[in-house]
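Chains, contacts and geometry: an overview
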Amino acid sequence: MKDQQPIPVRMAIIAAILAIATAGCESLSNKADQAASNCENIRSDIIDLSEKDRASRGFALVAIYDPTEISKSDNELKCRGKASWSDNDNTGITYRQYIDQEGTIMIEYMPE
């Protein structure tokens, strides 16, 4: 017999390599406990984020109405809605939740 490993050992090594190779490959659907599944669910996170921006902007989001999904993939959920701001302005808003290159769930918004 040549220097070949028995079949069970080779299979265990292959399984370990596959597990290591796919360990960092996650999606929004795999992180369901951390990530929201739709545009309505992430509205409060976007409003909280805008509150943190209040000092630099001078105003913050009060509410997002009529959330609509623009697109959705394994790594990103992109939404649009109507924004009501603390300075009594009303605008459109685009917001999204995505997984960055380090695997962290991120959110961001942009008034229209």
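The rules behind these values
Residues numbered from 1 in each chain as written. Predicted model: local features only at pLDDT ≥ 70, side-chain atom pairs only at ≥ 80, totals over all residues. Heavy atoms only, no water. Core = buried A, V, L, I, M, F, W, Y, C linked by side-chain atoms within 4.5 Å. Buried < 20%, exposed > 50% of the residue type's maximum accessible area, 1.4 Å probe, protein only. Helix = DSSP H or I, 4+ residues; strand = E, 2+ residues; numbered from the N terminus. Contact = heavy atoms within 4.5 Å. Disulfide = S-S within 2.5 Å. Phe/Tyr/Trp six-rings, centres within 6.5 Å; stacked < 30°, edge-to-face > 60°.

Below, the discussion takes up the nonpolar core. Ranked by internal contacts, the top residues of the largest apolar core, which has 13 residues, are Ile46, Leu61, Ile64, Ile93 and Tyr95. Among the elements of the structure, α2 (39-52), β1 (61-72), β2 (76-85) and β3 (90-99) are those that each provide at least two residues to this core. Apart from residues lying up to four places away in sequence, Ile64 is in contact with Arg43, Ile46, Ile47, Gly81, Lys82, Ile93 and Tyr95.

Under the criterion given, the structure shown has one disulfide. Covalently, Cys39 is tied to Cys79 through a disulfide, its sulfur atoms 2.1 Å apart. Linking Cys39 and Cys79, the disulfide has an S-S dihedral of approximately -85 degrees and is accordingly described as left-handed. Of this pair, Cys39 sits in helix α2 while Cys79 is found in strand β2, placing the two residues 40 residues apart along the sequence. Take Cys39 and Cys79: they sit in the same class, and that class is buried.

Attention shifts here to the environment of Gly81. With respect to the element layout, Gly81 can be found in strand β2. On the basis of relative accessible area, Gly81 is assigned to the buried category, the value being 8%. Through-space distance from the C-alpha of Gly81 to that of Thr68 is 6.1 Å; in sequence the pair is 13 residues apart. Those residues in contact with Gly81 that sit more than four places away from it in its chain are Ile64, Tyr65, Asp66, Pro67, Thr91, Gly92, Ile93 and Tyr95.

Summed over all chains, the structure comprises two aromatic pairs. On the numbers, 5.5 Å between centres and 90 degrees between planes, the contact of Phe59 with Trp85 is edge-to-face. One end of the pair, Phe59, is in the loop between α3 (54-57) and β1; the other, Trp85, is in strand β2, with 26 residues separating them in the sequence. Residue class for Phe59 comes out partly exposed when judged on its relative accessible area of 23%. Take Trp85: its relative accessible area is 4%, and that puts it in the buried class. With a centroid separation of 6.4 Å and 40 degrees between ring planes, the pair formed by Trp85 and Tyr109 is classed as tilted. Of this pair, Trp85 sits in strand β2 while Tyr109 sits in strand β4 (residues 105-111); the two residues are 24 residues apart in sequence, bridging distant segments of the chain. Each member of the pair Trp85 and Tyr109 is classed as buried.

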